[in-house]
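Summary of the model geometry
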Amino acid sequence: MTAERAHSGVRPVVRRLPETLVNRIAAGEVVERPASALKELVENSLDAGARRVDVVLRDGGRTLIQVSDDGHGLDPDTLSLAVERHATSKLPDDDLTHISTLGFRGEALPSIGAVSRLSITSRAAGAPAAWRIRVEGGAVGAPEPAALTAGTRVEIRDLFYATPARLKFLKIPRTEQSHALEILQRLAMAAPTVGFTLSDGTRTLLNLEAAQGDLFEVRLARLGAVLGRDFAADALPIDAERQGYRLTGYAGLPTLHRRTSAHQYLFVNGRPVRDRLLLGAVRGAYMDFVASDRHPMLALFLELPAEEVDVNVHPAKTEVRFRDAGLVRGLIVGALKHALAEAGHRASASVGAATLGAFRPDGLRAHTGHAAPAWNTARWTPPPSEGLAEAQAAWQAPSTDRVGHTLDFGAAPAARVENAPADPVAERHPLGAARAQVHGTYIVAQTEDGLVIVDQHAAHERLVYERMKDALAVGGVKSQALLLPEVVELEEAAVDRLVQRADEFAELGLVLEAFGQGAVVVREVPALLGKTDTAALIRDLADDLAEVGDAHALKDRLADVCGTMACHGSVRAGRRLSGDEMNALLRQMEATPHSGQCNHGRPTYVELKLTDIERLFGRR
Ligand code: ADP
Ligand code: MG
């Protein structure tokens, strides 16, 4: 059809498009949906120095978007100018390299006016009266006197009535409303000293008080109000600076993650952005701690000299380009890694809260839709008393003199822990004194003011991983020679895969070589694993390799490899541990950074405070 037209012989006429049409074309980019129109209006309010912004949406913004602010307002002449294309008060020096406002393109109001019925009522600060101007489908009226005590009220009615094609793409009001809410929340996070409300005409959907105090206080208050108390409780403060670039904000502990990156809130010079470079840096920083399909929650604010960043990339102004992308990336990765390392073994407090929720019979019902099970069905199985010492001696990892290169959970077999007397010294440790092991899987420890439940396998997996990483950094993982080298039979392809990577495995403390047809012989295993089922480990590693493919170095897939190794190491789920072993594991966790979550971002332990437990039983 295009080709037909090109050859039809009629010479096309080039002409200037009428202004309204130009504005409608621009509106296609600037105003994608009610939420984007709302964003432009609220940005204008913030640029006008508003301390309060009140929003009303009807039908998800389809019939009405109303934004009222107490900013500096507009006089009647400026009102007429403001709805003209490319008219702005925000580039006083015609300088695009020093943008300090959210707006600067001067096209939001004319674009919106071209596709809706727009009215702006405003009273300039100190002016005796208010004025209103209307724009209907691009037709601009004259300013007329109106009633308003201060600030500006902008109303958009019947968005896209003039562009039916776009109107058809609007989703149901609830969907549009949630997009609008999300936009408003993002802007509100960047402006914690401004109060915001959102209503649908009958109900208040959002009410954020203007916060006061120092930067971190107001920010945390606002982030908590928007993202929930979980976030405020489980976020680490970030404050880092490099060459005049400053990164502040709050980063969620790795156990605070979501299915999409929608809860990663990033701001550049106070502007909410969705930027691939920034998201990539965040992903890189958390790579070790969160499964690749999960996304930690965080809110990061990057401040840098205006001339170092180009915000004029797209009409919606949510993309940016950095002059020094490497510096930005390094700052983010460095700051996040530092904060996560400082957090040490800390796991999310919200995990404890969720656990308590699950304990409560009504919480259970709410979560599963089933009635709570009768508590008396839980069965108590006493641990075997004989054979324990033997079993333990058998798996005990040999201690080595290279500090940190072995996971040695105590030397001598201990007394049965469930009868252990209270140990006030151990209880003073953050993870407390081990009191029992239940279901061969969980360690229950008593702390000074509560109790801790540790998933022993997840914790051990994490410890193995952290040790291997440290050891690799200083030249290799300590290995332990097997008294009898173990021959493991495998398919030919699996043998090839393993042998090809023999050097890499050696660095990880696993020494193997080909052994005739369809077999490998294993001579040494990583010492920190303790007694391992070598054959099972080798088979699983061969499977891992099939999945990893050739492209990745094993070091880059260390989390997977360590997971597999830890699975065959000493502290696997189902293994009974002595009291000393358990306590040693707790102490190791406390001393190991990042041990609060496993390699997949699941918590390795939960903590319940005594006060919460008392509440559970109605004692408080
Ligand atoms: P931009 O924000 O890029 O300048 P807009 O079309 O959004 O372009 O707005 C045009 C101008 O109208 C702004 O530069 C500003 O001077 C004025 N303006 C818009 N909204 C408000 C408001 N709520 N309070 C005061 N002035 C406003
Ligand atoms: Mg604007």
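Along each chain, numbering runs from 1 in the same order as the chain's sequence is written. Chains and ligands are labelled sequentially in the order written, the chains with letters from A and the ligands with numbers from 1. For this predicted model, a pLDDT threshold of at least 70 governs which residues receive local features, and a threshold of 80 or more governs which side-chain atom pairs are given and counted, while totals over whole chains, interfaces and linings are taken from all residues. Hydrogens and waters are ignored; side-chain quantities use all the structure's heavy atoms.

**A word on the overall build of the protein**
In terms of helices and strands, the protein carries 22 helices and 25 strands. Looking at the protein as shown, the accessible area adds up to about 30100 Å², and 52% of this sits on carbon and sulfur atoms. Working definition: helices are DSSP H or I runs of at least four residues, strands are E runs of at least two. Numbering for both runs from the N terminus. Only the protein chains shown count as covering a residue, and every accessible area follows the Shrake-Rupley method with a 1.4 Å probe.

**Digging into the side chain of T604**
With respect to the element layout, T604 can be found in the loop between helix 21 (579–591) and strand 25 (605–609). In protein, a polar contact requires one atom able to donate a hydrogen and another able to accept it; more generally it is a pair of N or O atoms within 3.5 Å, and residues adjacent in sequence count only if both atoms are side-chain atoms. Here S595 takes part through its backbone oxygen, which lies 2.6 Å from a polar atom of the side chain of T604. Should any heavy atoms of two residues lie within 4.5 Å, those residues are considered in contact. With near-sequence residues (within four places) excluded, T604 lies in contact with I453, V454, D455, A458, A459, M589, S595, G596, Q597 and C598.

**Quick notes on the nonpolar core**
By size, the foremost hydrophobic cluster in this structure holds 55 residues, and its most contacted members are V42, V55, I65 and F196. Broken down by element, this core gets its largest block of residues, six residues, from helix 3 (residues 34–47). These domain limits were set by an automatic method or by a database of domain assignments. Of the residues that make up this core, three or more belong to each of domain 1 (19–201) and domain 2 (215–342). In this text, buried Ala, Val, Leu, Ile, Met, Phe, Trp, Tyr and Cys residues form a nonpolar core when linked through side-chain atoms within 4.5 Å. Whether a residue is buried, partly exposed or exposed follows from its accessible area with a 1.4 Å probe, protein chains only, as a fraction of its type maximum: under 20%, in between, or over 50%, in that order. Counting residues in hydrophobic clusters, the runner-up holds 38 residues, among them I238, L253, F322 and V328.

**Observations concerning a nonpolar patch on the surface**
Taken together, the side chains of L17, L21 and I25 make up a nonpolar region of the molecular surface, amounting to roughly 250 Å² of accessible area. The exposure class of L17 is partly exposed, given its relative accessible area of 39%. Each patch is built from residues lacking any salt bridge and having more than 30% relative accessible area; the joining distance is 9 Å for like charges and 5 Å for nonpolar side chains (Val, Leu, Ile, Met, Phe, Trp, Tyr). What counts as a salt bridge is simple: a side-chain nitrogen of Lys or Arg found within 4 Å of a carboxyl oxygen of Asp or Glu.

**Some words on the packing of aromatic side chains**
Between rings of Phe, Tyr and Trp, where Trp is taken as its six-membered ring, a pair exists when centres lie within 6.5 Å; planes separated by under 30 degrees are stacked, by over 60 edge-to-face, and by other angles tilted. Enumeration over the complete set of coordinates arrives at two aromatic pairs. Arranged with centres 6.1 Å apart and planes meeting at 75°, the rings of F216 and Y250 form a pair that is edge-to-face. Pair noted here: F216 is in helix 8 (residues 215–227) and Y250 is in strand 11 (residues 245–252), with a separation of 34 residues, a long-range link. Overall, the relative accessible area of 6% leaves Y250 in the buried class. Here F267 and F301 contribute two aromatic rings whose centre-to-centre distance is 4.5 Å and whose plane-to-plane angle is 10°, an arrangement assigned as stacked.

**Looking at the sheet that holds strand 21 (residues 450–455)**
When DSSP finds two or more bridges between a pair of strands, those strands are recorded as paired. Spatially, the four strands line up as an open sheet ordered 19-20-21-25, and their pairing is antiparallel. Only two strands of the sheet have a single neighbouring strand rather than two, namely strand 19 (433–438) and strand 25. Adjacent strand axes in the sheet meet at a mean angle of 20°, parallel and antiparallel pairs treated alike. With six bridges connecting them, strand 20 (residues 442–447) and strand 21 associate as antiparallel partners. By the bridge assignment, I443 is partnered in strand 21 with V454. To define axes, lines are fitted to C-alpha atoms, for helices over the stretch in contact only, and angles between the resulting N-to-C directions are given on a 0 to 180 degree scale. In the packing of helix 16 (residues 456–473) onto the sheet, contacts are made with strand 19, strand 20 and strand 21, and the angle to strand 21 comes to roughly 70°.

**Concerning the confidence of the model for the protein**
Residue-level confidence of the predictor is what pLDDT reports, using numbers from 0 through 100. Averaged over every residue, the pLDDT of the protein is 82; residues scoring 70 or more account for 84%. Throughout residues 361–406 the model reports pLDDT below 50, and contacts reaching past four residues in sequence, or to other chains, amount to 65 contacts. For residues 410–419, every residue scores under 50 in pLDDT, and the model assigns this stretch 23 contacts once sequence neighbours within four places are set aside.

**Overview of the site of ligand 1**
Put simply, a residue is near a molecule or strand once any heavy atom of it comes within 4 Å of that molecule or strand. Neighbouring residues of ligand 1: 20 residues in total, closest N44, T88, S89, K90 and G106. Take T88: an N or O atom from its side chain is 2.5 Å from an oxygen atom of ligand 1. Computed on the free molecule, ligand 1 has an accessible area of 530 Å², of which 96% lies beneath the protein chains in the complex. Amino acids are sorted into nonpolar (Ala, Val, Leu, Ile, Met, Phe, Trp, Tyr, Cys and Pro), charged (Asp, Glu, Lys and Arg) and polar (every other residue, Gly among them). Class assignment of the residues belonging to the shell around ligand 1 gives a composition of eight nonpolar, eight polar and four charged.

**Brief notes about the packing of helix 7 (residues 173–190) against helix 8**
It is at 9 Å that the axes of helix 7 and helix 8 come closest, and there the two elements cross at 165°. Our classification of the angle between helix 7 and helix 8 gives roughly antiparallel. In the crossing of helix 7 with helix 8, the sense of the turn from one axis to the other is left-handed. Facing Q185, A188 and M189 of helix 7, the residues of helix 8 in contact are R222, L223, V226 and L227. Tallied by class, the residues present in the contact of helix 7 with helix 8 amount to five nonpolar, one polar and one charged. The scheme is simple: roughly parallel for angles under 35 degrees, roughly antiparallel for over 145, roughly perpendicular for 65 to 115, oblique for anything else. Rotating anticlockwise by less than a right angle from the far helix to the near helix defines a left-handed crossing, while the corresponding clockwise rotation defines a right-handed one.

**Observations regarding unusual backbone geometry**
The backbone of F160 shows a phi angle near 70°, a positive value even though the residue is not glycine. By the secondary structure assignment, F160 is in the loop between strand 7 (151–157) and helix 6 (164–167). Classification of F160 as buried rests on a relative accessible area of 1%. For Q243, which is not glycine, the phi torsion reads 45° and is therefore positive. When you line up the elements, Q243 lands in the loop between strand 10 (235–242) and strand 11. For Q243, a relative accessible area of 65% corresponds to the exposed category.

**Quick notes on a negative patch on the surface**
Among the surface-exposed residues, E491, D540, D543 and E547 lie close enough to one another that they form a single negatively charged patch. Take E491: it is sitting in the loop between strand 22 (479–489) and helix 17 (492–500). Looking at E491, the relative accessible area reads 59%, which means it is exposed. Here the positive residues are Lys and Arg and the negative ones are Asp and Glu; neither His nor the chain ends is included. Note on charges: their place is set at NZ of Lys, CZ of Arg, CG of Asp or CD of Glu.

**Some points on the sheet that holds strand 24 (residues 519–526)**
Across the sheet, three strands lie side by side as 22-24-23; this open sheet has antiparallel pairing. Only two strands of the sheet have a single neighbouring strand rather than two, namely strand 22 and strand 23 (511–514). For this sheet, the mean angle separating the axes of adjacent strands, direction not counted, is 15°. Sheet topology note: the strand 22/strand 24 ladder contains seven bridges and is antiparallel. Directly across from E486, in strand 24, lies its bridge partner V522. Running over the sheet, helix 19 (residues 534–548) touches strand 22, strand 23 and strand 24 and is turned about 70° from strand 22.

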